[in-house]
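Chain by chain, the residues run as shown.
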Amino acid sequence: MRQRDRSAPAPAPTATGAWSGDWVARRLGVELAGDAALTDLLGLALRRNPKRAHLLVSHVLGKHVPQAPSVVHGHGVALGRRVRALLGEEAAGRAVVLGYAETATGLGHSVADGLGTAPYLHSTRRPVAGAATAGGFEESHSHATSHLLLPEDPALLAGDGPLVLVDDEFSTGNTVLNTIRALHERHPRGHYVVVALVDMRSPADAGRLTDFARVIGARVDLVATASGTVRLPEDVLERGRELVARQEAATTPASVPAVSGASAPVPAVSGGPASVPPGSGTTAASGTEGAGAASGTTGPPAVSAVPGAPAVTGAPGARAGTRPGGGVARVDMGWPAGLPDGGRHGFTPGQRERLEAALPGMAERLARALPDGARRVLVLGFEELMYAPLRLGTELERSLPDTEVRFSTTTRSPVLAVDDPGYAIRTRLAFPAHDDPADGPGERYAYNVAGAGFDAVVAVVDSVADTPALHAPDGLTARLAAHIPHVLLAVVPSYAPRAPHAPERPPMLSEPLRGPAFSSYAPDEVGWLLQDLSEVTLEAPTEEREEAIQSGGAHYAESLPVEFQPGAQYQELFHTALAASGARLARAVAAVTEIVLAERSPRPVLVSLARAGTPVGVLMRRWARYRHGLDLPHYAVSIVRGRGIDANALRWLARHHDPADVVFVDGWTGKGAITRELADAIRDFEKAEGVTGFDPEIAVLADPGSCVRTYGTRDDFLIPSACLNSTVSGLISRTVLRADLVGPHDFHGAKFYRELAGADLSPDFLDAVSARFPEAAETVDGEVGRLLSADREPTWEGWAAVERISEEYGIHDVNLVKPGVGETTRVMLRRVPWKVLARPDAGSDLDHVRLLAEQRGVPVEEVPGLPYTCVGLIHPRYTRGATGADGRAVTGR
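Reference entry: report on the structure contained in this document. (Residues numbered from 1 in each chain as written. Predicted model: local features only at pLDDT ≥ 70, side-chain atom pairs only at ≥ 80, totals over all residues. Heavy atoms only, no water.)

### A short note on the sheet that holds strand E32 (residues 870–874)
As a general point, the strands of a sheet are linked pairwise by backbone hydrogen bonds and lie either parallel or antiparallel.
Stage number 1. Overall, mixed pairing links the four strands, which are arranged E29-E32-E30-E31 in an open sheet. Bordering the open sheet on either side are strand E29 (817–819) and strand E31 (860–862), each of which pairs with just one other strand. This sheet shows a mean twist of 20° between the axes of neighbouring strands, independent of strand direction.
Stage number 2. In this sheet, E32 lies alongside E29 in antiparallel orientation, the contact comprising three bridges. By the bridge assignment, Val817 is partnered in E32 with Leu873.
Stage number 3. Along the sheet, helix H20 (residues 797–808) makes contact with E29, strand E30 (833–838) and E32, crossing E29 at roughly 140°. (Pairing = 2+ DSSP bridges. Helix = DSSP H or I, 4+ residues; strand = E, 2+ residues; numbered from the N terminus. Axes fitted to C-alpha atoms, helices over the stretch in contact; angles between N-to-C directions. Contact = heavy atoms within 4.5 Å.)

Laid out in structure tokens, this is it:
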């Protein structure tokens, strides 16, 4: 990797003595060290997460802090011009720019503007009907982690020119690593350029990117406006917890602070005029941090005071003699037909020219709709929709020289609001999501808007987000109208990509593999939609695999761990657990099978997700025969995190069975990653193939993560098949997906460990559970009745818990947090464990985990209130030199 480019515009003098990070810096001892421009670019705020006390808040991004649109756009354009100078004209002409949702969508667009001829694409968290997924990756530290890439033109990411990745802040490098890893596997290229407003990586994180670039054999450059580090005192977390608690406790419900029309300025920023955030003393509407109004309140929000602002009567945000809440007026901007609203599906240089030509006319329509005498106007974008409102703002700024125009957008990110000139987030408006988001309902926020003295706000949303929730009494428009005299609503048509052409059908696929030729299961128990790779050497030492996976040098599905061979003590624990839980397992098998028969199909085709789901599928098939005399088809298919389900297996199933009868089966849920992976893969398959009817809902024995509707129990208990690997799964390895072994018309691969036949416990496990079916039959009807009448909608509590644990333990990668007994066991058997978190009342369900932890020297930490029986943490940033259990051995690498 090349040395990062640290050059940045010279800092401008501040417009006031108060830096918007002073409040946090004084109380927590946080220090920004590095380029002088850092404090011009960044302020500080507080997170509610007690393990990560501070939040860097950009003055020039146009997200949390209203800023002059020319400043926001200008910073991105300047970065793009530097990238063009770095690449040279020829390489710049072949470059593609990729921005990150939601925060950097507008910044990435602006960087593409600076490059001049580069097409642009940004990731999205909104699935779009008719848009095929070209890839995806995880942003583990974010509130919403899953990113999709949905280019209308699949060739956009398939070239070999430089790829420019744009984010607002480069902190650890995890997101960039995840992105390059995912894209490089599909379309390798020789040059990547990472662009950020600020580079705040530690030396250890900088070294990781350097090592990664060397592993993939590509050049990686970094261009940033400013760079430095955040220095934190040792007790910052404890002080942060106390500070957040004090602020929340001190908030006074139902009081209304004084609001002046003028606002306290923040530091001026190179490239444009000073930003002006609110100075109102207000916090948020009902349901926000620091707000005292009851949840569910409608109409104008209650406003609560934060210490430092006197409480008096008056309307927040109002100028003298003006009554806010005057209604909302729609404005037809005349958006050009067929022009994309942004880069969600790609934005070409030709489309950029169309937008530039249309901007003056659209801005003129907006200007005519503004009230007479409006001197301070906010253009407010919507989450990922940043670029269109930003450019509308720059054109308004140009055409209305006597009007102070500012730009910011709404966001998903929750931040504490404190009214102090030395704090970056002065006010917060909260409102419900209004675009039917894929990750479910939740609060959204507009920061530093209330009390900022704006005469008018132009709220710009896309048509997908123009829903009743937007206009509800507690919706965004009502929240804005309660604080700003005039609210205009401009709706940009959501761009719908053209339907992709269906590819040619592949040649005839092979028939399923069956025992005893492949697996120790009887031939009628399961058919494996896999190819036999038994003669290929795929195993690698656990430590070597972990280092390769975490460095980005390999995907976990490209190799196999060395099969765990249990000692006598561990085998005894397995048999003890099986004897103790056999009846419970039988009840769960009975319940989930009966629900499938009642709700999904009277004659389902069971399709297990290999390999943990396979024993469960066999047991469900046995129950259907025992209770109903049904002989159900049962197959096992491969699904790989980050790469989806085996599309060839789906093609085979669609040719031989009605897709509507297919029921996918797994053993248990953890955080729900495979649940989401399957849903995305089925959606993409149906779009590409034109085959419909597959239901991505997974049926599982245990759903402790609350990720599915079809389950036998939501308890997190020991399923003994999780204790072992192939020797309880028909002697089959986990599945393998590697380009040199699996062709475009091949099933994914796996190995049959015939040599382990003497240690095989697969029949013992199945027979022990099946023997308890008569007991389960006595109670199953009552249990199924209770489940069918219960609210079984997924809450995704597991995913939320994993995100929280990832942040609280400083891991910042949800893929390294494995919740539940089954997933924790897998960590101990197949990965390099860091530590185990256990509920104090876990009991015998964790005997085998404790034994493995003792044998591997892994600490077991008891955590009261843990939502799972246990959670396994994979060693973060693993290298073979990192032998310590606390991860510190790798921080300097």
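### Observations concerning the side chain of His191
Stage number 1. Inspection of the secondary structure assignment puts His191 in strand E9 (residues 191–199).
Stage number 2. Given the relative accessible area of 12%, His191 is considered buried.
Stage number 3. At a separation of 2.7 Å, a polar atom in the side chain of His191 contacts the side chain of Asp221. (Buried < 20%, exposed > 50% of the residue type's maximum accessible area, 1.4 Å probe, protein only. Polar contact = N/O pair within 3.5 Å; in protein donor to acceptor, adjacent residues only side chain to side chain.)

### Some remarks on the environment of Asn174
Stage number 1. One can find Asn174 in helix H6 (residues 174–186).
Stage number 2. Residues Asn174 and Leu209, 35 residues apart in the sequence, show an inter-C-alpha distance of 9.0 Å.

### Brief notes about the pattern of salt bridges
Stage number 1. Scanning the entire structure with this criterion turns up 44 salt bridges.
Stage number 2. With a closest N to O distance of 2.7 Å, Glu783 and Arg786 form a salt bridge. Of this pair, Glu783 and Arg786 both sit in helix H19 (residues 773–789), three residues apart, roughly one helical turn.
Stage number 3. Look at Glu783 and you get partly exposed, because its relative accessible area is 27%.
Stage number 4. Because the salt bridges share partners, they merge into one network encompassing Lys63, Glu102, Glu383, Arg412 and Arg444. (Salt bridge = Lys/Arg side-chain N within 4 Å of Asp/Glu carboxyl O.)

### What about the sheet that holds E9?
Stage number 1. In spatial order, the strands read E1-E10-E9-E8-E4-E5; together these six strands make up an open sheet with mixed pairing. Both outer strands of the open sheet, strand E1 (31–34) and strand E5 (120–122), are each paired with one neighbouring strand and no more. Direction aside, neighbouring strands of the sheet carry axes that sit 25° apart on average.
Stage number 2. Where H6 meets the sheet, its contacts fall on strand E4 (96–99), strand E8 (163–170) and E9, and the angle it forms with E8 comes to roughly 160°.

### Looking at the environment of Glu778
Stage number 1. As for its placement among the helices and strands, Glu778 is situated in helix H19.
Stage number 2. Each C-alpha atom, one on Glu778 and one on Arg587, is 9.6 Å from the other, the two residues being 191 residues apart in sequence.

### Some thoughts on unusual backbone geometry
Stage number 1. Backbone torsion omega between Gly515 and Pro516 reads 0°, so that peptide bond is classified as cis.
Stage number 2. Here Pro516 is to be found in the loop between strand E17 (486–492) and strand E18 (527–528).
Stage number 3. Put simply, Ala610 and Arg611 share a cis peptide bond, and its omega is 0°.
Stage number 4. Position of Arg611 among the secondary structure elements: in the loop between strand E22 (605–610) and helix H15 (613–628).
Stage number 5. Even without glycine at this site, Asn448 takes up a positive phi of about 55°.
Stage number 6. Phi at Ser706 is positive, roughly 50°, even though this residue is not glycine.
Stage number 7. Relative to the helices and strands, Ser706 is located in the loop between strand E26 (698–702) and strand E27 (710–713).

### A few points about the packing of helix H14 (residues 568–600) against helix H18 (residues 762–770)
Stage number 1. For the pair H14 and H18, interaxial distance at closest approach is 8 Å and the crossing angle is 40°. On the basis of the axis angle, H14 is oblique to H18. As H14 packs across H18, the resulting crossing turns out to be right-handed. Touching Phe574, His575, Leu578, Gly582, Leu585 and Ala586 of H14 are Asp764, Phe765, Ala768 and Val769, all from H18.
Stage number 2. Across the contact of H14 with H18, the residue classes tally to seven nonpolar, two polar and one charged. (Parallel < 35°, antiparallel > 145°, perpendicular 65-115°, else oblique. Left-handed = near helix turned anticlockwise from the far one by under 90°. Nonpolar A, V, L, I, M, F, W, Y, C, P; charged D, E, K, R; others polar.)

### Focus on the packing of aromatic side chains
Stage number 1. Following the criterion strictly, the structure yields 12 aromatic pairs and no others.
Stage number 2. Relative to Trp652, the ring of Tyr635 lies with its centre 5.2 Å away and its plane at 65°, an arrangement referred to as edge-to-face. Taken together, the residues span a long stretch of sequence, with Tyr635 in strand E23 (residues 634–640) and Trp652 in helix H16 (residues 647–656) at a distance of 17 residues.
Stage number 3. Since its relative accessible area comes to 4%, Trp652 is described here as buried.
Stage number 4. Within the aromatic cluster, the residues linked to one another by ring pairs are Phe518, Tyr521, Trp528 and Phe752.
Stage number 5. Note that Arg676 overlies the ring of Trp799, its terminal NZ or CZ placed 4.0 Å from the centroid.
Stage number 6. In this structure, Lys835 packs its charged tip against the face of Trp834, placed 4.6 Å from the ring centre. (Phe/Tyr/Trp six-rings, centres within 6.5 Å; stacked < 30°, edge-to-face > 60°. Lys NZ or Arg CZ within 6 Å of the ring centre and 35° of its normal.)

### So, the side chain of Thr124
Stage number 1. Looking at the secondary structure, you find Thr124 in the loop between E5 and strand E6 (135–138).
Stage number 2. Engagement of the side chain of Thr124 in a polar contact is seen with the side chain of Arg344, the distance being 3.1 Å.
Stage number 3. Looking at Thr124, its side chain comes within polar contact range of the side chain of Glu384, at 2.8 Å.

Purely geometric numbers; function is a separate question.
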